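Residue-level structure breakdown
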Amino acid sequence: PTTALGILYIGTLPTLIAMFLFAFGLARVGAIHAGILTHLMPVFTALFAAVFLGERLQAFHGAGFLLVAGGALICCLHAAPVLTSRGPTRAPAKP
């Protein structure tokens, strides 16, 4: 019974909060930037596991962190974005 309650709790409350926060952030920054930043989830997962669970980080973790963060930075710092999540702007109608 406690295992089932624990699974039910993990499946509902934290997941629900995470989805609401992601939707809030998505509305603020747009789909393109939110999509890029989702690739940082494994980086933060490993860092939080090291901090809170005592997991040991290895050299390959660092290499992966650099690759993921570097790719996200390159995508976010591009001067003239090719893709945008903003809708096209329309000129005002002439009377």
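The structure reproduced in this document is the subject of the present report. (Residues numbered from 1 in each chain as written. Predicted model: local features only at pLDDT ≥ 70, side-chain atom pairs only at ≥ 80, totals over all residues. Heavy atoms only, no water.)

Quick notes on the packing of aromatic side chains
- Counted under the stated rule, the structure contains 2 aromatic pairs.
- Aromatic pair Phe44 and Phe48: ring centres 6.2 Å apart, planes at 40 degrees, arrangement tilted. Residue Phe44 and its partner Phe48 are both found in helix α3 (residues 41–53); the two are separated by 4 residues, about one turn of the helix.
- Residue classification places Phe48 among the partly exposed residues on the basis of a relative accessible area of 47%.
- Taking 5.9 Å as the distance between ring centres and 45 degrees as the angle between the ring planes, the aromatic pair formed by Phe48 and Phe52 counts as tilted. Here Phe52 and Phe48 lie together in helix α3, a separation of 4 residues that amounts to about one turn.
- Clustering of aromatic rings is evident, with ring pairs tying together Phe44, Phe48 and Phe52. (Phe/Tyr/Trp six-rings, centres within 6.5 Å; stacked < 30°, edge-to-face > 60°. Helix = DSSP H or I, 4+ residues; strand = E, 2+ residues; numbered from the N terminus. Buried < 20%, exposed > 50% of the residue type's maximum accessible area, 1.4 Å probe, protein only.)

Digging into the environment of Ala50
- The residue Ala50 is located in helix α3 in this model.
- Since its relative accessible area comes to 21%, Ala50 is described here as partly exposed.
- In this structure Ala50 touches Glu55 and Leu57, once residues within four positions along its chain are discounted. (Contact = heavy atoms within 4.5 Å.)

Remarks on a nonpolar patch on the surface
- Taken together, Phe44, Leu47, Phe48, Val51, Phe52, Leu53 and Leu57 make up a surface patch of nonpolar side chains, about 750 Å² in accessible area.
- What makes Phe44 partly exposed here is its relative accessible area of 43%. (Patch = residues over 30% accessible without salt bridge, like charges linked within 9 Å, V, L, I, M, F, W, Y side chains within 5 Å. Areas by Shrake-Rupley, 256 points an atom, 1.4 Å probe, with all protein chains shown as cover. Salt bridge = Lys/Arg side-chain N within 4 Å of Asp/Glu carboxyl O.)

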